[in-house]
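Structural description and commentary
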Amino acid sequence: MELLVVEDDPIARELLELVLSSRGHSVRAATDGTAALRSARERRPDGVITDLRLPGDVDGRELVRRLREDPVLAGVVVVVLTGQVDAAGVVAVTGADVALAKPFDIPELVEVVERLGARG
């Protein structure tokens, strides 16, 4: 599965890249929503894992909205990472496929990504 990780925290981003690539996924990274959109349009990923809070004009919520509106990217699986406790509420508000509350469990994230990848 080709994944795009969108995370402005360098430690969290590197951890996600390391864990997901060790599971055989091809992983690209972006530090903000604008860079993520550009990367996704250049080469469509199978999934996007994004922090909800991102710097700049395109935060995680806006990123998901734009992914869903783009005819080429609309079907991309989106996992939102959030500091909010109500992950189900975040899914409803953002339109993501899944939201995981931080701090999230790494095995849970891997399982979610692989389960969502298998359905597509």
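Presented here is a report on the structure given in the accompanying data block. (Residues numbered from 1 in each chain as written. Predicted model: local features only at pLDDT ≥ 70, side-chain atom pairs only at ≥ 80, totals over all residues. Heavy atoms only, no water.)

1. As for the sheet that holds strand 2 (residues 26-30)
The cut-off we apply is this: Two strands pair under a simple rule: DSSP has to find at least two bridges between them. Secondary structure elements are taken from DSSP: a helix is a run of H or I of four residues or more, a strand is a run of E of two residues or more, and numbering for both begins at the N terminus. Whenever a helix is involved, its axis is fitted only over the stretch in contact; in every case the axis is a line through C-alpha atoms, and angles between N-to-C directions fall within 0 to 180 degrees. By the convention used here, residues are in contact when the closest approach between their heavy atoms is within 4.5 Å.
Read from one edge of the open sheet, 5 strands run 2-1-3-4-5, paired in parallel fashion. With one partner strand each, in any of the chains shown, strand 2 and strand 5 (98-101) form the two edges of the open sheet. Going across the sheet, the axis of each strand differs from the next one's by a mean of 20 degrees, ignoring polarity. Two elements, strand 1 (residues 2-6) and strand 3 (residues 47-51), share 4 bridges in a ladder whose sense is parallel. Bridge pairing links V5 to I49 in strand 3. On top of the sheet, helix 3 (residues 60-69) reaches strand 1, strand 3 and strand 4 (77-82); it is set at about 160 degrees to strand 3, its chief contact. Against the sheet, helix 4 (residues 87-94) engages strand 4 and strand 5, with an angle of about 140 degrees to strand 5.

2. Observations concerning the pattern of salt bridges
Heads up, the condition is: For salt bridges, the criterion is a side-chain nitrogen of Lys or Arg within 4 Å of an Asp or Glu carboxyl oxygen. Three exposure classes are used, based on accessible area relative to the maximum for each residue type with a 1.4 Å probe and protein chains only: buried under 20%, partly exposed in between, and exposed over 50%.
Counted by the stated rule, this structure contains 11 salt bridges. Salt-bridge contacts for E2 lead to R28; the nearest nitrogen and oxygen are separated by 3.1 Å. Taken together, the residues E2 in strand 1 and R28 in strand 2 connect sequence positions 26 residues apart. With respect to class, E2 is no different from R28; both count as buried.

3. Considerations on the environment of A74
Here A74 shows up in the loop between helix 3 and strand 4. Distance from A74 to V64, taken between C-alpha atoms, is 9.2 Å for residues 10 residues apart in sequence. Once residues within four sequence positions are removed from consideration, A74 is found in contact with L67 and R68.

4. Observations concerning the pairing of strand 5
The two faces of the sheet receive side chains in turn, since in a regular strand these alternate between them. Summarising the sheet, strand 4 and strand 5 pair through 4 bridges and their orientation is parallel. Along strand 5, the bridge assignment pairs V80 with A99.

5. Things to note about unusual backbone geometry
Note that the residue after K102, namely P103, is joined by a cis bond; omega there is -5 degrees. Mapped onto the elements, P103 comes out in the loop between strand 5 and helix 5 (106-119).

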